[in-house]
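Spelled out, the chains give:
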Amino acid sequence: MRRFLIFTIICSLLAAFSLDGLARRTRQQVGRDRRNTEQRIKQTRQQIQQNKEETRRALNRYNSVQAQISLHSDTITALRHRIDSVSGAVNRLNDSINILSNRITSLRSNYAQTLRNMRARRQTMSDWAFIFSANSFGQAWRRYRYLQQIAESTTRRARQLRTEAQRLEQARSQLQTLQAALQSDINAQQRVQSSLRAEQAQADALVRDLRRNQRSLNDELKRRQQQIANLDDELNRIIAEEAAEAAARERAERERREREERERREREERERQQRQQQQQQQQRQNQQQTPAPQPQPQPAQPQNPSSQPASRPAATSGNFAAAKGKLMAPVTGRYSIVAHYGRSSHAELSKVQVNNTGIDIEATPGANARAVFDGEVTRIFVVEGYHNVVLVRHGEYITVYCGLANVAVSKGAKVKAGQALGAIFVDQADSNRAILHFEVRHERSTLNPEEWLK
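**Some details on the overall build of the protein**
Counting its regular elements, the protein contains 4 helices and 13 strands. Counting only residues that meet the buried cut, the protein has 30% of its 454 residues in that class. Considering only intrachain contacts with a sequence separation of at least 6, the fraction spanning at least 24 residues in the protein is 73%. When the accessible surface of the protein is summed, it comes to about 29,900 Å², and 49% of that surface belongs to carbon and sulfur atoms.

Right, dumping it as C-alpha coordinates:
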(Lines give C-alpha, C1' and ligand atoms only; values in the text may rest on other atoms or scores of the structure.)
Protein backbone atom coordinates (compact mmCIF):
# COMPACT_ATOMS: atom_id res chain seq x y z
CA MET A 1 0.00 0.00 0.00
CA ARG A 2 2.84 2.32 0.86
CA ARG A 3 4.62 1.50 -2.40
CA PHE A 4 1.44 2.17 -4.34
CA LEU A 5 1.03 5.54 -2.63
CA ILE A 6 4.64 6.53 -3.41
CA PHE A 7 4.18 5.44 -7.03
CA THR A 8 1.01 7.49 -7.33
CA ILE A 9 2.72 10.56 -5.91
CA ILE A 10 5.66 10.19 -8.34
CA CYS A 11 3.32 9.80 -11.34
CA SER A 12 1.36 12.87 -10.26
CA LEU A 13 4.54 14.94 -10.01
CA LEU A 14 5.75 13.77 -13.43
CA ALA A 15 2.36 14.56 -14.97
CA ALA A 16 2.39 18.01 -13.39
CA PHE A 17 5.89 18.72 -14.73
CA SER A 18 4.84 17.50 -18.20
CA LEU A 19 1.68 19.66 -18.25
CA ASP A 20 3.68 22.68 -17.08
CA GLY A 21 6.18 22.21 -19.93
CA LEU A 22 3.41 21.67 -22.42
CA ALA A 23 1.77 24.89 -21.22
CA ARG A 24 5.06 26.75 -21.60
CA ARG A 25 5.58 25.36 -25.10
CA THR A 26 1.99 26.26 -26.05
CA ARG A 27 2.41 29.89 -24.93
CA GLN A 28 5.68 30.15 -26.83
CA GLN A 29 4.11 28.66 -29.94
CA VAL A 30 1.16 31.02 -29.66
CA GLY A 31 3.53 33.97 -29.37
CA ARG A 32 5.50 32.86 -32.40
CA ASP A 33 2.31 32.30 -34.36
CA ARG A 34 1.03 35.72 -33.40
CA ARG A 35 4.27 37.40 -34.46
CA ASN A 36 4.30 35.44 -37.72
CA THR A 37 0.68 36.42 -38.37
CA GLU A 38 1.39 40.08 -37.67
CA GLN A 39 4.39 39.92 -40.00
CA ARG A 40 2.31 38.37 -42.76
CA ILE A 41 -0.41 40.97 -42.25
CA LYS A 42 2.18 43.73 -42.48
CA GLN A 43 3.67 42.22 -45.62
CA THR A 44 0.19 41.85 -47.12
CA ARG A 45 -0.62 45.47 -46.37
CA GLN A 46 2.68 46.56 -47.88
CA GLN A 47 1.98 44.46 -50.96
CA ILE A 48 -1.51 45.94 -51.30
CA GLN A 49 -0.10 49.45 -50.95
CA GLN A 50 2.64 48.62 -53.44
CA ASN A 51 0.05 47.29 -55.89
CA LYS A 52 -1.95 50.49 -55.47
CA GLU A 53 1.10 52.64 -56.13
CA GLU A 54 2.06 50.56 -59.15
CA THR A 55 -1.49 50.79 -60.46
CA ARG A 56 -1.51 54.55 -59.96
CA ARG A 57 1.79 54.93 -61.82
CA ALA A 58 0.69 52.53 -64.58
CA LEU A 59 -2.59 54.42 -65.03
CA ASN A 60 -0.72 57.72 -65.24
CA ARG A 61 1.67 56.24 -67.81
CA TYR A 62 -1.29 54.89 -69.74
CA ASN A 63 -2.95 58.33 -69.77
CA SER A 64 0.31 59.93 -70.92
CA VAL A 65 0.78 57.37 -73.68
CA GLN A 66 -2.84 57.80 -74.78
CA ALA A 67 -2.28 61.56 -74.96
CA GLN A 68 0.82 61.03 -77.12
CA ILE A 69 -1.10 58.59 -79.32
CA SER A 70 -3.84 61.16 -79.82
CA LEU A 71 -1.28 63.86 -80.57
CA HIS A 72 0.59 61.67 -83.05
CA SER A 73 -2.68 60.58 -84.67
CA ASP A 74 -3.56 64.23 -85.22
CA THR A 75 -0.08 64.84 -86.61
CA ILE A 76 -0.43 61.91 -89.00
CA THR A 77 -3.82 63.21 -90.14
CA ALA A 78 -2.34 66.66 -90.76
CA LEU A 79 0.62 65.12 -92.62
CA ARG A 80 -1.71 63.05 -94.76
CA HIS A 81 -3.67 66.15 -95.73
CA ARG A 82 -0.42 67.95 -96.50
CA ILE A 83 0.89 65.00 -98.53
CA ASP A 84 -2.36 64.87 -100.50
CA SER A 85 -2.16 68.61 -101.13
CA VAL A 86 1.49 68.49 -102.18
CA SER A 87 0.86 65.42 -104.35
CA GLY A 88 -1.96 67.27 -106.10
CA ALA A 89 0.33 70.26 -106.63
CA VAL A 90 3.03 67.95 -108.03
CA ASN A 91 0.56 66.38 -110.45
CA ARG A 92 -0.70 69.76 -111.60
CA LEU A 93 2.85 71.00 -112.01
CA ASN A 94 3.76 67.91 -114.04
CA ASP A 95 0.82 68.63 -116.33
CA SER A 96 1.97 72.23 -116.70
CA ILE A 97 5.51 71.06 -117.48
CA ASN A 98 4.22 68.71 -120.16
CA ILE A 99 2.15 71.51 -121.71
CA LEU A 100 5.13 73.87 -121.61
CA SER A 101 7.42 71.21 -123.10
CA ASN A 102 5.00 70.65 -125.99
CA ARG A 103 4.68 74.38 -126.58
CA ILE A 104 8.44 74.84 -126.54
CA THR A 105 8.86 71.95 -128.98
CA SER A 106 6.32 73.53 -131.31
CA LEU A 107 7.87 76.98 -130.98
CA ARG A 108 11.33 75.62 -131.66
CA SER A 109 10.09 73.78 -134.73
CA ASN A 110 8.35 76.89 -136.10
CA TYR A 111 11.32 79.09 -135.27
CA ALA A 112 13.73 76.68 -136.95
CA GLN A 113 11.52 76.54 -140.04
CA THR A 114 11.39 80.33 -140.17
CA LEU A 115 15.18 80.56 -139.94
CA ARG A 116 15.59 77.99 -142.71
CA ASN A 117 13.19 79.92 -144.96
CA MET A 118 15.04 83.16 -144.29
CA ARG A 119 18.39 81.50 -144.98
CA ALA A 120 17.11 80.00 -148.27
CA ARG A 121 15.67 83.35 -149.37
CA ARG A 122 18.85 85.22 -148.56
CA GLN A 123 20.90 82.71 -150.51
CA THR A 124 18.93 83.57 -153.68
CA MET A 125 18.53 87.30 -153.07
CA SER A 126 19.52 89.73 -150.37
CA ASP A 127 16.93 91.81 -148.60
CA TRP A 128 18.00 95.02 -150.26
CA ALA A 129 18.03 93.41 -153.69
CA PHE A 130 14.53 92.12 -153.01
CA ILE A 131 13.40 95.66 -152.13
CA PHE A 132 15.10 97.44 -155.05
CA SER A 133 13.86 94.93 -157.59
CA ALA A 134 10.35 96.24 -157.09
CA ASN A 135 8.51 97.79 -160.08
CA SER A 136 7.35 100.80 -158.11
CA PHE A 137 7.98 102.72 -154.93
CA GLY A 138 4.77 101.42 -153.39
CA GLN A 139 5.78 97.84 -154.09
CA ALA A 140 9.24 98.53 -152.65
CA TRP A 141 7.62 99.97 -149.52
CA ARG A 142 5.38 96.95 -149.14
CA ARG A 143 8.39 94.62 -149.55
CA TYR A 144 10.26 96.62 -146.92
CA ARG A 145 7.31 96.35 -144.49
CA TYR A 146 7.00 92.65 -145.27
CA LEU A 147 10.67 92.03 -144.41
CA GLN A 148 10.30 94.17 -141.28
CA GLN A 149 7.27 92.16 -140.14
CA ILE A 150 9.15 88.91 -140.77
CA ALA A 151 12.03 90.19 -138.64
CA GLU A 152 9.67 91.33 -135.87
CA SER A 153 7.86 87.97 -135.98
CA THR A 154 11.16 86.14 -135.77
CA THR A 155 12.28 88.29 -132.84
CA ARG A 156 8.91 87.82 -131.08
CA ARG A 157 9.07 84.04 -131.54
CA ALA A 158 12.62 83.97 -130.20
CA ARG A 159 11.54 86.07 -127.17
CA GLN A 160 8.50 83.82 -126.62
CA LEU A 161 10.72 80.76 -126.87
CA ARG A 162 13.08 82.18 -124.22
CA THR A 163 10.13 83.10 -121.95
CA GLU A 164 8.59 79.66 -122.23
CA ALA A 165 11.98 78.07 -121.60
CA GLN A 166 12.38 80.18 -118.43
CA ARG A 167 8.87 79.21 -117.26
CA LEU A 168 9.72 75.58 -117.89
CA GLU A 169 12.91 75.90 -115.87
CA GLN A 170 11.04 77.58 -112.99
CA ALA A 171 8.37 74.90 -113.08
CA ARG A 172 11.00 72.16 -112.94
CA SER A 173 12.74 73.91 -110.04
CA GLN A 174 9.40 74.26 -108.23
CA LEU A 175 8.70 70.62 -108.94
CA GLN A 176 11.99 69.60 -107.33
CA THR A 177 11.14 71.72 -104.28
CA LEU A 178 7.68 70.18 -103.99
CA GLN A 179 9.06 66.68 -104.45
CA ALA A 180 11.61 67.32 -101.70
CA ALA A 181 8.86 68.64 -99.41
CA LEU A 182 6.70 65.66 -100.28
CA GLN A 183 9.48 63.23 -99.47
CA SER A 184 10.17 65.08 -96.21
CA ASP A 185 6.49 64.83 -95.24
CA ILE A 186 6.44 61.13 -96.13
CA ASN A 187 9.55 60.52 -94.00
CA ALA A 188 7.98 62.50 -91.13
CA GLN A 189 4.79 60.46 -91.45
CA GLN A 190 6.79 57.23 -91.33
CA ARG A 191 8.64 58.40 -88.21
CA VAL A 192 5.41 59.43 -86.48
CA GLN A 193 3.75 56.16 -87.46
CA SER A 194 6.72 54.27 -86.04
CA SER A 195 6.43 56.22 -82.78
CA LEU A 196 2.69 55.63 -82.81
CA ARG A 197 3.15 51.86 -83.18
CA ALA A 198 5.67 51.84 -80.33
CA GLU A 199 3.33 53.88 -78.12
CA GLN A 200 0.41 51.65 -79.00
CA ALA A 201 2.45 48.59 -78.03
CA GLN A 202 3.36 50.30 -74.76
CA ALA A 203 -0.30 51.13 -74.15
CA ASP A 204 -1.30 47.52 -74.82
CA ALA A 205 1.34 46.33 -72.34
CA LEU A 206 0.06 48.79 -69.74
CA VAL A 207 -3.49 47.59 -70.37
CA ARG A 208 -2.41 44.00 -69.70
CA ASP A 209 -0.67 45.08 -66.48
CA LEU A 210 -3.71 47.02 -65.34
CA ARG A 211 -6.05 44.16 -66.15
CA ARG A 212 -4.03 41.90 -63.87
CA ASN A 213 -4.70 44.37 -61.05
CA GLN A 214 -8.34 45.05 -61.88
CA ARG A 215 -9.36 45.51 -58.28
CA SER A 216 -6.54 47.97 -57.61
CA LEU A 217 -7.47 49.80 -60.82
CA ASN A 218 -11.08 50.13 -59.72
CA ASP A 219 -9.95 51.39 -56.32
CA GLU A 220 -7.63 53.92 -57.99
CA LEU A 221 -10.34 55.20 -60.32
CA LYS A 222 -12.78 55.45 -57.41
CA ARG A 223 -10.13 57.31 -55.41
CA ARG A 224 -9.61 59.77 -58.26
CA GLN A 225 -13.34 60.26 -58.65
CA GLN A 226 -13.59 60.94 -54.93
CA GLN A 227 -10.73 63.46 -55.16
CA ILE A 228 -12.50 65.23 -58.02
CA ALA A 229 -15.75 65.23 -56.05
CA ASN A 230 -13.99 66.62 -52.96
CA LEU A 231 -12.37 69.36 -55.05
CA ASP A 232 -15.69 70.17 -56.69
CA ASP A 233 -17.43 70.36 -53.29
CA GLU A 234 -14.70 72.63 -51.94
CA LEU A 235 -14.84 74.90 -54.99
CA ASN A 236 -18.63 75.09 -54.81
CA ARG A 237 -18.41 75.93 -51.11
CA ILE A 238 -15.83 78.67 -51.73
CA ILE A 239 -17.77 80.12 -54.66
CA ALA A 240 -20.95 80.07 -52.55
CA GLU A 241 -19.06 81.91 -49.79
CA GLU A 242 -17.84 84.48 -52.30
CA ALA A 243 -21.39 84.89 -53.60
CA ALA A 244 -22.66 85.35 -50.04
CA GLU A 245 -19.92 87.88 -49.32
CA ALA A 246 -20.71 89.72 -52.56
CA ALA A 247 -24.43 89.70 -51.65
CA ALA A 248 -23.58 91.04 -48.20
CA ARG A 249 -21.44 93.79 -49.70
CA GLU A 250 -24.20 94.63 -52.16
CA ARG A 251 -26.75 94.68 -49.35
CA ALA A 252 -24.51 96.92 -47.26
CA GLU A 253 -23.97 99.18 -50.25
CA ARG A 254 -27.71 99.31 -50.89
CA GLU A 255 -28.39 100.14 -47.25
CA ARG A 256 -25.72 102.83 -47.39
CA ARG A 257 -27.30 104.36 -50.49
CA GLU A 258 -30.77 104.20 -48.88
CA ARG A 259 -29.44 105.82 -45.71
CA GLU A 260 -27.75 108.56 -47.71
CA GLU A 261 -30.97 109.04 -49.67
CA ARG A 262 -33.01 109.37 -46.47
CA GLU A 263 -30.50 111.84 -45.06
CA ARG A 264 -30.60 113.81 -48.31
CA ARG A 265 -34.41 113.93 -48.29
CA GLU A 266 -34.46 114.99 -44.64
CA ARG A 267 -31.87 117.66 -45.34
CA GLU A 268 -33.85 118.94 -48.31
CA GLU A 269 -37.03 118.95 -46.20
CA ARG A 270 -35.30 121.01 -43.50
CA GLU A 271 -33.97 123.40 -46.12
CA ARG A 272 -37.43 123.68 -47.66
CA GLN A 273 -38.98 124.50 -44.28
CA GLN A 274 -36.27 127.09 -43.62
CA ARG A 275 -36.89 128.69 -47.00
CA GLN A 276 -40.63 128.70 -46.35
CA GLN A 277 -40.15 130.38 -42.97
CA GLN A 278 -37.85 132.98 -44.52
CA GLN A 279 -40.39 133.62 -47.28
CA GLN A 280 -43.20 134.04 -44.75
CA GLN A 281 -41.11 136.42 -42.66
CA GLN A 282 -40.17 138.39 -45.77
CA GLN A 283 -43.84 138.52 -46.75
CA ARG A 284 -44.87 139.97 -43.35
CA GLN A 285 -42.16 142.60 -43.62
CA ASN A 286 -43.32 143.56 -47.10
CA GLN A 287 -46.94 143.81 -45.93
CA GLN A 288 -45.90 146.20 -43.16
CA GLN A 289 -44.00 148.42 -45.58
CA THR A 290 -46.50 148.54 -48.49
CA PRO A 291 -50.24 147.80 -48.36
CA ALA A 292 -50.26 146.45 -51.88
CA PRO A 293 -50.50 142.75 -51.84
CA GLN A 294 -47.57 141.06 -53.31
CA PRO A 295 -47.88 137.70 -55.06
CA GLN A 296 -46.43 134.97 -53.02
CA PRO A 297 -43.79 132.93 -54.77
CA GLN A 298 -44.59 129.30 -55.05
CA PRO A 299 -42.37 127.14 -52.88
CA ALA A 300 -39.95 124.94 -54.75
CA GLN A 301 -41.21 121.44 -55.05
CA PRO A 302 -38.78 118.86 -53.69
CA GLN A 303 -37.39 116.60 -56.30
CA ASN A 304 -38.93 113.15 -56.22
CA PRO A 305 -36.02 110.82 -55.62
CA SER A 306 -37.97 107.88 -56.95
CA SER A 307 -37.96 109.50 -60.40
CA GLN A 308 -34.15 109.24 -60.59
CA PRO A 309 -32.82 105.89 -61.78
CA ALA A 310 -30.88 104.05 -59.10
CA SER A 311 -27.19 103.67 -59.87
CA ARG A 312 -26.12 100.11 -60.54
CA PRO A 313 -22.66 98.59 -60.21
CA ALA A 314 -20.71 98.25 -63.41
CA ALA A 315 -20.62 94.88 -65.09
CA THR A 316 -17.79 92.73 -63.76
CA SER A 317 -17.54 90.11 -66.52
CA GLY A 318 -14.98 92.10 -68.51
CA ASN A 319 -13.89 90.65 -71.83
CA PHE A 320 -13.28 87.12 -70.63
CA ALA A 321 -16.34 85.76 -72.45
CA ALA A 322 -15.06 87.27 -75.71
CA ALA A 323 -11.72 85.51 -75.23
CA LYS A 324 -13.21 82.04 -75.70
CA GLY A 325 -10.91 79.98 -77.90
CA LYS A 326 -8.08 82.53 -77.56
CA LEU A 327 -6.67 81.91 -74.07
CA MET A 328 -3.03 80.95 -73.66
CA ALA A 329 -2.05 77.60 -72.15
CA PRO A 330 -2.11 77.59 -68.33
CA VAL A 331 1.40 76.08 -68.20
CA THR A 332 4.79 77.15 -69.49
CA GLY A 333 6.74 75.04 -71.97
CA ARG A 334 5.59 71.93 -73.80
CA TYR A 335 2.55 70.08 -72.52
CA SER A 336 -0.05 67.45 -73.38
CA ILE A 337 -3.60 66.90 -72.14
CA VAL A 338 -3.74 63.51 -70.40
CA ALA A 339 -7.33 63.69 -69.12
CA HIS A 340 -10.13 65.50 -70.89
CA TYR A 341 -13.18 67.30 -69.57
CA GLY A 342 -16.39 65.45 -68.79
CA ARG A 343 -17.31 61.85 -68.16
CA SER A 344 -14.84 59.28 -69.42
CA SER A 345 -14.21 55.64 -68.79
CA HIS A 346 -11.50 53.12 -69.61
CA ALA A 347 -13.76 50.68 -71.43
CA GLU A 348 -10.93 48.25 -72.05
CA LEU A 349 -9.86 48.41 -68.42
CA SER A 350 -12.77 49.02 -66.10
CA LYS A 351 -16.43 49.88 -65.93
CA VAL A 352 -15.70 52.67 -63.46
CA GLN A 353 -16.34 56.11 -64.95
CA VAL A 354 -14.55 59.31 -63.96
CA ASN A 355 -16.33 62.65 -64.36
CA ASN A 356 -13.57 65.22 -64.77
CA THR A 357 -14.62 68.81 -64.00
CA GLY A 358 -11.59 70.17 -65.86
CA ILE A 359 -8.58 68.89 -67.78
CA ASP A 360 -5.32 67.38 -66.56
CA ILE A 361 -2.23 68.80 -68.30
CA GLU A 362 1.14 67.06 -68.11
CA ALA A 363 3.95 69.60 -68.34
CA THR A 364 7.72 69.33 -68.23
CA PRO A 365 9.30 69.15 -64.75
CA GLY A 366 10.06 72.65 -63.51
CA ALA A 367 7.17 74.25 -65.44
CA ASN A 368 5.04 76.95 -63.86
CA ALA A 369 1.29 77.43 -63.85
CA ARG A 370 0.37 80.82 -65.31
CA ALA A 371 -2.74 82.96 -65.43
CA VAL A 372 -4.58 82.64 -68.73
CA PHE A 373 -6.25 86.07 -68.43
CA ASP A 374 -6.12 89.23 -66.34
CA GLY A 375 -7.87 88.76 -63.03
CA GLU A 376 -7.75 88.76 -59.24
CA VAL A 377 -6.59 85.96 -56.95
CA THR A 378 -9.55 85.31 -54.67
CA ARG A 379 -8.57 82.10 -52.86
CA ILE A 380 -5.52 79.95 -52.15
CA PHE A 381 -6.10 76.65 -50.35
CA VAL A 382 -4.96 73.02 -50.13
CA VAL A 383 -6.98 69.94 -51.14
CA GLU A 384 -5.86 66.33 -50.70
CA GLY A 385 -4.51 64.97 -53.96
CA TYR A 386 -4.16 68.43 -55.56
CA HIS A 387 -1.65 70.16 -53.26
CA ASN A 388 -1.99 73.96 -53.56
CA VAL A 389 -4.98 75.37 -55.43
CA VAL A 390 -5.27 78.94 -56.75
CA LEU A 391 -8.53 80.59 -57.86
CA VAL A 392 -8.39 83.59 -60.20
CA ARG A 393 -11.61 85.51 -60.82
CA HIS A 394 -12.33 87.26 -64.11
CA GLY A 395 -15.67 88.92 -63.42
CA GLU A 396 -18.32 86.23 -63.56
CA TYR A 397 -15.76 83.64 -64.67
CA ILE A 398 -13.20 81.76 -62.60
CA THR A 399 -10.10 79.80 -63.57
CA VAL A 400 -8.80 77.12 -61.20
CA TYR A 401 -5.18 75.92 -61.02
CA CYS A 402 -4.60 72.74 -58.95
CA GLY A 403 -1.42 70.81 -58.24
CA LEU A 404 1.06 73.56 -57.35
CA ALA A 405 4.12 72.75 -55.28
CA ASN A 406 4.32 76.39 -54.18
CA VAL A 407 2.40 79.61 -54.76
CA ALA A 408 3.98 82.78 -56.15
CA VAL A 409 0.96 85.07 -55.58
CA SER A 410 -1.18 86.08 -52.63
CA LYS A 411 -4.90 86.45 -52.03
CA GLY A 412 -6.25 89.69 -53.43
CA ALA A 413 -3.37 90.13 -55.89
CA LYS A 414 -4.13 91.48 -59.36
CA VAL A 415 -2.50 89.21 -61.94
CA LYS A 416 -1.85 89.68 -65.65
CA ALA A 417 -2.21 87.10 -68.38
CA GLY A 418 0.94 84.98 -68.49
CA GLN A 419 1.98 85.79 -64.90
CA ALA A 420 3.39 82.82 -62.98
CA LEU A 421 1.16 81.55 -60.18
CA GLY A 422 3.54 78.88 -58.86
CA ALA A 423 5.59 75.83 -59.77
CA ILE A 424 3.73 72.64 -60.67
CA PHE A 425 4.32 69.78 -58.24
CA VAL A 426 6.74 67.14 -59.55
CA ASP A 427 5.89 63.63 -58.36
CA GLN A 428 9.27 61.91 -57.91
CA ALA A 429 7.50 58.65 -57.08
CA ASP A 430 5.79 58.74 -60.50
CA SER A 431 8.62 59.24 -62.99
CA ASN A 432 8.86 62.98 -62.18
CA ARG A 433 5.46 63.73 -63.68
CA ALA A 434 4.20 67.32 -63.35
CA ILE A 435 0.41 67.43 -63.81
CA LEU A 436 -1.76 70.52 -63.50
CA HIS A 437 -5.52 70.19 -63.06
CA PHE A 438 -7.11 73.22 -64.77
CA GLU A 439 -10.75 74.33 -64.70
CA VAL A 440 -12.84 77.13 -66.21
CA ARG A 441 -16.07 78.03 -64.41
CA HIS A 442 -18.95 80.42 -64.88
CA GLU A 443 -19.60 80.87 -61.18
CA ARG A 444 -20.49 77.31 -60.05
CA SER A 445 -21.03 75.89 -63.55
CA THR A 446 -18.04 74.02 -65.00
CA LEU A 447 -17.02 74.61 -68.63
CA ASN A 448 -14.82 72.66 -71.04
CA PRO A 449 -11.38 74.34 -70.82
CA GLU A 450 -10.31 72.96 -74.21
CA GLU A 451 -12.96 75.16 -75.85
CA TRP A 452 -11.36 78.24 -74.26
CA LEU A 453 -7.69 77.54 -75.03
CA LYS A 454 -6.09 78.35 -78.38
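**Considerations on the pattern of salt bridges**
Scanning all chains against the criterion turns up 19 salt bridges. A salt bridge links R393 to E443; the nearest nitrogen and oxygen atoms lie 3.2 Å apart. Here R393 is found in strand β7 (residues 387-394), whereas its partner E443 is found in the loop between β12 (433-442) and β13 (445-447), with 50 residues between them in sequence. Residue R441 pairs with E439 through a salt bridge whose shortest N-O separation is 2.9 Å. Through salt bridges that share partners, E234, R237, E241, E245 and R379 make up one connected network.

**Focus on the environment of E362**
Here E362 lies in strand β4 (residues 359-363). Take E362: its relative accessible area is 17%, and that puts it in the buried class. For the pair formed by E362 and I337, sequence separation is 25 residues and the distance between their alpha carbons is 6.2 Å. For E362, the residues in contact, after removing those within four places along its chain, are S64, R334, Y335, S336, V338, R433, A434 and I435.

**Topic: the environment of Q68**
Take Q68: it is sitting in helix α1 (residues 2-124). Using a relative accessible area of 28% as the deciding quantity, one classes Q68 as partly exposed. Remark: the alpha-carbon pair of Q68 and E199, spanning 131 residues in sequence, is separated by 7.6 Å. Discounting residues that sit within four places of it in the chain, Q68 has contacts with E199 and S336.

**A look at the pairing of strand β6 (residues 375-383)**
Across 2 bridges, β6 lies against strand β9 (residues 414-415) in antiparallel orientation. Bridge pairing in β9 links G375 to V415. Across 7 bridges, β6 lies against β7 in antiparallel orientation. Note that in β7 the partner of E376 across the bridge is R393. Counting the residues between successive antiparallel strands, the hairpin from β6 to β7 contains 3 residues, one of them, G385, with a positive phi of roughly 90°.

**Brief notes about a nonpolar patch on the surface**
A surface patch of nonpolar side chains, about 390 Å² in accessible area, is lined by F137, W141 and Y144. Judged by its relative accessible area of 33%, Y144 is partly exposed.

**Some thoughts on a positive patch on the surface**
Side chains of R156, R157, R159 and R162 sit close together on the surface and give a patch of like positive charge. In this structure, R156 sits in helix α3 (residues 137-212).

**Examining the nonpolar core**
Formed by 28 residues in total, the largest nonpolar core has its most connected members in Y401, L421, I424, L436 and F438. The set of elements that each furnish at least two residues to this core consists of β4, β7, β8 (397-404) and β12. It is β12 that provides the largest number of residues to this core, a total of 4 residues. Here L421 is in contact with A369, R370, A371, V390, V392, Y401, L404, N406, V407, A408, V409 and V415, once residues within four sequence places are set aside. Counting residues in hydrophobic clusters, the runner-up holds 16 residues, among them I238, I239, Y386 and V400.

The rules behind these values
Note on numbering: residues in each chain are counted from 1, in written sequence order. With the structure being a predicted model, the display of local features is reserved for residues of pLDDT at least 70 and the display and counting of side-chain atom pairs for 80 or more, all residues being used for whole-chain, interface and lining totals. Side-chain measures here rest on the full set of heavy atoms in the structure, leaving out hydrogens and waters. For helices the rule is a DSSP run of H or I covering at least 4 residues; for strands it is a run of E covering at least 2, with both sets numbered from the N terminus onward. Only protein chains enter the accessibility calculation, which uses a 1.4 Å probe; a residue whose area is less than 20% of its type maximum is buried, one above 50% is exposed, and one in between is partly exposed. The contact criterion used throughout is that any non-hydrogen atoms of two residues lie within 4.5 Å. All accessible areas in this document rest on Shrake-Rupley with a 1.4 Å probe, and a residue is counted as covered only by the protein chains that are shown. Here, a salt bridge means any side-chain nitrogen of Lys or Arg that lies within 4 Å of a carboxyl oxygen of Asp or Glu. When DSSP locates at least two bridges between a pair of strands, those strands are taken to pair. Residues qualify for a patch when their relative accessible area is over 30% and they have no salt bridge, like charges being joined within 9 Å and the nonpolar side chains of Val, Leu, Ile, Met, Phe, Trp and Tyr within 5 Å. Under this rule, positive means Lys or Arg and negative means Asp or Glu; His and the chain ends count for nothing. Positions of charges follow a simple convention, taking NZ of Lys, CZ of Arg, CG of Asp or CD of Glu. Put simply, buried Ala, Val, Leu, Ile, Met, Phe, Trp, Tyr and Cys residues joined by side-chain atoms within 4.5 Å make one nonpolar core.

Interpretation note: all reported values are geometric properties and have no functional meaning in isolation.
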